[in-house]
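Chain residues, written in single-letter form:
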2 protein chains.
Amino acid sequence: MSKVITPKDKDYSQWYNDIVIKAGLADHSAVKGCMVIKPYGYAIWERMQAVLDGMFKETGHVNAYFPLFIPKSFFAKEAAHVEGFAKECAVVTHYRLKNSPDGGLVVDEDAKLEEELIVRPTSETIIWNTYKGWIQSYRDLPLLINQWANVVRWEMRTRLFLRTAEFLWQEGHTAHATRQEAVEEAERMLNVYADFAEKFMSVPVIKGTKTASERFAGALETYCIEAMMLDGKALQAGTSHFLGQNFAKAFDVKFLNKEGKSELVWATSWGVSTRLIGALIMSHSDDEGLVLPPLLAPIQVVIIPVFRDEEQLGKITEVVSVLKKNLVADGIRTKYDTDDNRSPGWKFAEYELKGVPVRIAIGPRDLEKGTVEIYRRDKREKQFVPMEGLEAYIKKMLEEIQHDLFKKAETFRTDHSHKADTYAEFKELLDKGNFVWAHWDGTSETEEKIKEETKATIRCIPLNNKLEEGKCVYSGKPSTQRVIFAKAY
Amino acid sequence: MSKVITPKDKDYSQWYNDIVIKAGLADHSAVKGCMVIKPYGYAIWERMQAVLDGMFKETGHVNAYFPLFIPKSFFAKEAAHVEGFAKECAVVTHYRLKNSPDGGLVVDEDAKLEEELIVRPTSETIIWNTYKGWIQSYRDLPLLINQWANVVRWEMRTRLFLRTAEFLWQEGHTAHATRQEAVEEAERMLNVYADFAEKFMSVPVIKGTKTASERFAGALETYCIEAMMLDGKALQAGTSHFLGQNFAKAFDVKFLNKEGKSELVWATSWGVSTRLIGALIMSHSDDEGLVLPPLLAPIQVVIIPVFRDEEQLGKITEVVSVLKKNLVADGIRTKYDTDDNRSPGWKFAEYELKGVPVRIAIGPRDLEKGTVEIYRRDKREKQFVPMEGLEAYIKKMLEEIQHDLFKKAETFRTDHSHKADTYAEFKELLDKGNFVWAHWDGTSETEEKIKEETKATIRCIPLNNKLEEGKCVYSGKPSTQRVIFAKAY
């Protein structure tokens, strides 16, 4: 039987696509650049949403919903923002179709909008236009709001989960009375993202700030978490922006402070998207398919009966019912797959591909011996374990998998992180797929030239970075700290 | 102090709008016809989503996500569907803006789409086009998928929650091997909706089928639940459609059955939307504002401290901490509002307006006496209750409120439901705001004429309707059953 998945070392890009498609995570759609998120992929997103939503609420945020459409003129109000976002976007120009003489459907030219509407690429403008009506006094602040939504950014070259014209995300938009509060909020949410990535996705991340040229359009500071994928490239997994008073100025949002004076409001915004599923895939998977950290796995344990007839299945089911009940009572997402349209072999391969952390197989001989066969997906290890005390054993195993995946990813990143002090060394390390810690002279010119020559960008200036005298790896000019360069998704 | 809310009997429509705006449920947006769902309104939607999502999953459904955009040509494939949906819609024609010479932004005519994209008004077409690739054999059926999404239907006359250009909803789309299975599915989901309305929203509903002229565009049968609002009008609160093989035909979706023969797939779709929030408001609220059934209330119990200084607040908080902990442990959504920017009087009015089912006030004298003041929102009754055993008391009170709201709404509906046997009687009853049970000759012509003359429509032919010989209230022709006529939202 030929391999279902193209080996990673043979063709990394194809390996990724194979996993997305064959594990049933997503599909290309009939609409250029848009994907269909299939039930299994969506179930992972639901887990991510549930955890993140809980973390947002614990930090005092509430959800709301703002319009999908943004009047074109809104974008023109914040100069940097329009350059960054309004260009490549879906534009609604009409609101009606009519029958054409040949029997088809055509746009009704009588139904042209006075002002075109943009399908939101991000919602700062429509939200700050709304906040104007909600904020009068210091009593109305802070406003800590998040939105779960779809957004559209017209992309010509798309990749499932990583870059699509439409994607799902959350966008937090907060309003504050002081600069300090807003900065603290932006940093708080960066930490929430980092915690989520490391504790739930088992993906180690580096927290840092973006250089001026990589900043969010309209931000004074962009904080980010950067993760290393299995090809040594970087993936920006989440960003949190300190927006200063830029949007308050653009939309004239002021408040009366406790002294009765009118002041402009301070802002942040922060977001993560279905891109995280791409990051998850490229952090842990192997040539057999997806590998999922238990905390985000839609199915944590799958139980597969191996039987020849109904009688055998009946006996197995008797035992499994109790086991499953106990596992579920322990909060473990367990599936007992009794589908008799599929063979055990087909199921083994399917759940391997789908990255279910733990697989249990039970046949008549296991019943006799009082054992089950347990397969641990990440290590691809099989073992026979007594039925007695199985629940505790599995619970511990899930915790170990969660922990081991993180450690493995961390080791991989360490092995692929190096300092470079010469440009030759720098380029070689980048080509081999590494995070390269190098001195940089702090100018956008150097950054731009390095990008042209190597396709690498400064991923971030790490927070609490060690200061160290040095010379820019490109220009030789003096520098006070190393920053992280890498090729990126 | 003047009333915040326009009295219902003075101006029903203004009463509704006042509640939506002043209870902080939603706001008009800068985009014509689109609303902003404010945090408190969205929190109600989140409760609805959580409950419904659980019910969908219990009945075997999974979630997925399909593109926002639908190619124009897809609509043309199902003839009835295009008539019903593709006309009043948002049309994306371009994918780029550019700077204009005068410094503004204009649509880039070089970036015109080859085929226009429609912002989904409903997703049957894009989903069935996708299902074609997912369904090959009977093993792939049934496919039981739901999507939580935003949709757009261009509406000229909009009302917050009830009719807006963009709204949030869920749409289930299932595929089956047999006609019977599909019909059973459509009926199963109708029952899920009815259970949700009655048990969680405390809104009694009538289950029935639509007449041919009120059917979903492309359906063979549309099942619906109809609720009565406080002005005696009907609101369609949810629909479930048996689509036959119409979409399978349009998108060529066939499967190999167990005998290896190719057959067309059978379909259903079903949905409820943020319109349910409108139904909730118009089922229970009063002239003081919103009244919420406890099971959907974001805050079930609010505790307000009444104090003169920090010392008093400290003592109150000591007691409340324990109370709140116990309530939360019982699964009761409890808020302790210590905001010192607002007075107790302001808070009382605010939570009254927001329909929080139970309000507890505690001051220094209550501490001395070991009692609290409890206010029950639906009955507007105040009482003093001993601290001892308070948790159990409140739990019981919440259950009573949930039950009493349903009974009250049911009584209201009974009082506003009447049989009519003459057209004069029929028209008078409709004008006064009633569900009118009347004989109908079964023709679309009669239905249309009654609609023209009275603005009333046939809300549904109730399921398991009692058969009864009679004469059509309009044409005098023979009829075998009464159907429900009403003016509707």
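Scroll up a little and you will see the structure.
Residues numbered from 1 in each chain as written. Chains lettered and ligands numbered in written order. Predicted model: local features only at pLDDT ≥ 70, side-chain atom pairs only at ≥ 80, totals over all residues. Heavy atoms only, no water.

Chemist: Is there a simple way to think about the overall build of chain A in this case?
Modeler: A tally of regular secondary structure across chain A gives 14 helices and 25 strands. Taken over the C-alpha trace, chain A has a radius of gyration of 26 Å; the compact-globule value for 489 residues is 23 Å, and the two agree within 12%. Summarising its shape, the C-alpha atoms of chain A cover approximately 80 × 70 × 55 Å along the three principal directions. Looking at chain A residue by residue over its 489 residues, the buried ones come to 59%. Of the contacts formed within chain A by residues at least 6 apart in sequence, a portion of 68% connects residues at least 24 apart. In the form shown here, chain A has an accessible surface area of approximately 20100 Å², with 49% of it arising from carbon and sulfur atoms. Computed over 67 positive and 72 negative side-chain charges, the inter-centroid distance for chain A is 1 Å. (Helix = DSSP H or I, 4+ residues; strand = E, 2+ residues; numbered from the N terminus. Rg over C-alpha atoms; globule rule 2.2 N^0.38 Å. Buried < 20%, exposed > 50% of the residue type's maximum accessible area, 1.4 Å probe, protein only. Contact = heavy atoms within 4.5 Å. Areas by Shrake-Rupley, 256 points an atom, 1.4 Å probe, with all protein chains shown as cover. Lys, Arg positive; Asp, Glu negative; His and termini not counted. Charge placed at Lys NZ, Arg CZ, Asp CG, Glu CD.)

Chemist: Teacher, can you tell me more about the interface of chain B and chain A here?
Modeler: By a frequent convention, interface size equals the accessible area lost on bringing the separate parts together. The interface of chain B with chain A comprises 68 residues on the first partner and 68 residues on the second. At the surface where chain B touches chain A, the tally comes to six salt bridges. A salt bridge links Glu88(B) to Arg96(A), with the nearest nitrogen and oxygen atoms 3.2 Å apart. Counting every contact that joins chain B to chain A gives 30 residue pairs in polar contact (both at pLDDT 80 or more). Per-element accounting of the side of chain B that touches chain A gives the leading share, twelve residues, to strand β5 (residues 88-99) of chain B. In terms of residue class, the side of chain B that touches chain A is made up of 42 nonpolar, nine polar and 17 charged. The pairing of strand β5 (residues 88-99) of chain A with β5(B) spans five bridges and is antiparallel. Paired with Val91(A) across the bridge in β5(B) is His94(B). (Salt bridge = Lys/Arg side-chain N within 4 Å of Asp/Glu carboxyl O. Polar contact = N/O pair within 3.5 Å; in protein donor to acceptor, adjacent residues only side chain to side chain. Nonpolar A, V, L, I, M, F, W, Y, C, P; charged D, E, K, R; others polar. Pairing = 2+ DSSP bridges.)

Chemist: Where do I start with the environment of Cys472(A) in this structure?
Modeler: Residues and elements named next belong to chain A. Positionally, Cys 472 belongs in the loop between β24 (467-471) and β25 (478-486). On the basis of relative accessible area, Cys 472 is assigned to the buried category, the value being 5%. Sequence spacing of Cys 472 and Tyr 423 is 49 residues, and the spatial spacing of their C-alpha atoms is 9.2 Å. Among all residues touching Cys 472, those that are not within four sequence positions of it are His 439, Trp 440, Asp 441, Thr 446, Lys 477 and Ser 479.

Chemist: Help me understand the packing of helix α2 (residues 39-58) of chain A against helix α8 (residues 275-284) of chain A, please; the structure alone is not making it clear to me.
Modeler: If you want to describe how two helices pack, look at the angle between their axes and the distance between the axes. Residue and element names in this part refer to chain A. It is the contact of α2 with α8, at a shortest axis distance of 10 Å, that shows an interaxial angle of 110°. Viewed along their axes, α2 and α8 adopt a mutual orientation that is roughly perpendicular. Of the residues in α8, those in contact with Gly 41, Ile 44, Trp 45, Met 48 and Leu 52 of α2 are Leu 276, Ile 277 and Leu 280. Broken down by class, the residue content of the contact of α2 with α8 amounts to seven nonpolar, one polar and no charged. (Axes fitted to C-alpha atoms, helices over the stretch in contact; angles between N-to-C directions. Parallel < 35°, antiparallel > 145°, perpendicular 65-115°, else oblique.)

Chemist: Quick question: what am I supposed to make of the relation of the copies chain B and chain A here?
Modeler: There are two copies of the chain, and a rotation about an axis plus a shift along that axis relates them. Overlay of chain B on chain A (RMSD 0.0 Å): rotation 180°, translation along the axis 0.0 Å. Interpreted geometrically, this transformation is the action of a two-fold axis. Closest to the rotation axis within chain B is the C-alpha of Val92(B), separated from it by 2.1 Å. A shared interface surface links the copies, since 100% of the contact residues of chain B are contact residues in chain A too. (Least-squares fit on C-alpha atoms with pLDDT ≥ 70 in both.)

Chemist: Could you clarify how one ought to interpret the sheet that holds strand β18 (residues 358-362) of chain B in this entry?
Modeler: Where strands meet in a sheet, backbone hydrogen bonds hold them as pairs that are either parallel or antiparallel. Residue and element names in this part refer to chain B. Across the sheet, five strands lie side by side as β17-β16-β18-β19-β20; this open sheet has mixed pairing. Every other strand in the sheet has two partners, leaving β17 (334-336) and β20 (381-386) as the edge strands with one partner each. The sheet shows a mean angle of 25° between the axes of neighbouring strands, taken without regard to direction. By the bridge criterion, four bridges tie β18 to strand β19 (residues 371-376) in an arrangement that is antiparallel.

Chemist: It is not clear to me how the sheet that holds strand β20 (residues 381-386) of chain A should be interpreted in this structure. Could you clarify?
Modeler: Residue and element names in this part refer to chain A. The sheet built from five strands is open, its strands ordered β17-β16-β18-β19-β20 with mixed pairing. On the outer flanks of this sheet lie β17 (334-336) and β20, each paired with one strand and no other. Strand after strand, the sheet turns through a mean of 25° between neighbouring axes, direction not considered. With respect to the sheet, helix α9 (residues 310-329) is in contact with β16 (301-305), β17 and β18 (358-362), its orientation differing from that of β17 by roughly 170°. Across the sheet, helix α12 (residues 390-415) lies against β16, β18, β19 (371-376) and β20, angled at about 10° from β19, the strand it touches most.

Chemist: For this particular structure, what's the right way to read the packing of aromatic side chains?
Modeler: The final tally for this structure, using the stated rule, is 38 aromatic pairs over all chains. With centroids separated by 6.4 Å and ring planes inclined at 40°, the aromatic side chains of Phe69(A) and Trp154(B) adopt a geometry described as tilted. Placement of Phe69(A) in strand β4 (residues 69-71) and of Trp154(B) in the loop between β8 (143-152) and β9 (166-176) is noted, with the two residues assigned to different chains. We note that Phe69(A), like Trp154(B), is buried. Across the ring face of Phe348(B), the terminal group of Arg359(B) is positioned such that the distance to the ring centre comes to 4.0 Å. Taking the ring centre of Tyr375(B) as reference, the NZ or CZ of Arg359(B) above it sits at 4.2 Å. (Phe/Tyr/Trp six-rings, centres within 6.5 Å; stacked < 30°, edge-to-face > 60°. Lys NZ or Arg CZ within 6 Å of the ring centre and 35° of its normal.)

Chemist: Sorry if this is basic, but what is going on with α12(A) here?
Modeler: A turn of α-helix holds 3.6 residues, and therefore any two residues three or four places apart point the same way. Look at α12(A): 36 Å from first C-alpha to last across 26 residues, which is about the 38 Å you get at 1.5 Å a residue. Of the residues making up α12(A), those classed as buried are Leu390(A), Glu391(A), Ile394(A), Met397(A), Leu398(A), Ile401(A), Gln402(A), Leu405(A), Phe406(A), Ala409(A) and Arg413(A). (Expected span 1.5 Å × (residues − 1).)

Chemist: Looking at this structure, I do not really get the environment of Thr443(A). What am I missing?
Modeler: Residue and element names in this part refer to chain A. As for its placement among the helices and strands, Thr 443 is situated in the loop between β22 (435-439) and α14 (444-454). In this structure the C-alpha to C-alpha distance between Thr 443 and Thr 211, which are 232 residues apart in sequence, comes to 9.2 Å. For Thr 443, the side chain forms a polar contact with the side chain of Asp 441, separated by 2.9 Å.

Chemist: I tried to follow a negative patch on the surface on my own but got confused; where do I start?
Modeler: Residues and elements named next belong to chain A. Taken together, the side chains of Asp 309, Glu 310, Asp 339 and Asp 340 define an acidic patch exposed on the protein surface. In this fold, Asp 309 is placed in the loop between β16 and α9. For Asp 309, a relative accessible area of 35% puts it in the partly exposed group. (Patch = residues over 30% accessible without salt bridge, like charges linked within 9 Å, V, L, I, M, F, W, Y side chains within 5 Å.)

Chemist: How do you make sense of the pairing of strand β9 (residues 166-176) of chain A when you look at a structure like this?
Modeler: Consecutive side chains along a regular strand alternate between the two faces of the sheet. Residues and elements named next belong to chain A. Buried residues dominate β9, accounting for eleven of its eleven residues. By the bridge criterion, ten bridges tie strand β8 (residues 143-152) to β9 in an arrangement that is antiparallel. Following the sheet pairing, Val 152 is matched in β9 by Glu 166. Pairing of β9 with strand β15 (residues 266-273), which is carried by eight bridges, proceeds in the antiparallel orientation. Residue pairing across strands places Ala 175 opposite Ala 267, the latter belonging to β15.

Chemist: Is there a simple way to think about the state of the cysteines in this case?
Modeler: Note on terminology: disulfide describes a covalent bond linking the sulfur atoms of two cysteines. All names here are of chain A. Tallying each qualifying case throughout the model produces zero disulfides over all chains. Not part of a disulfide, Cys 224 finds its nearest cysteine sulfur in Cys 460, a span of 4.7 Å. A residue is classified by how much of its surface remains accessible, and Cys 224, at 0% relative accessible area, is buried. (Disulfide = S-S within 2.5 Å.)

Chemist: Any chance you could explain helix α5 (residues 124-134) of chain B here in plain terms?
Modeler: The buried fraction of α5(B) amounts to eight of the eleven residues, a majority that puts the element mostly inside the structure. Residues of α5(B) that are buried: Glu124(B), Thr125(B), Ile126(B), Ile127(B), Trp128(B), Thr130(B), Tyr131(B) and Trp134(B).

Chemist: Help me understand the pairing of strand β12 (residues 234-244) of chain B, please; the structure alone is not making it clear to me.
Modeler: Residue and element names in this part refer to chain B. Counting buried positions over the eleven residues of β12 gives ten, a clear majority of the element. Inspection of the sheet shows strand β11 (residues 221-228) paired to β12 by eight bridges, in the antiparallel sense. Bridged to Cys 224 within β12 is Thr 239. Between β11 and the antiparallel strand that follows it, β12, lie five residues; Gly 232 among them carries a positive phi value of about 80°. Pairing of β12 with strand β15 (residues 266-273), which is carried by five bridges, proceeds in the antiparallel orientation. Bridge pairing in β15 places Ser 240 opposite Trp 270.

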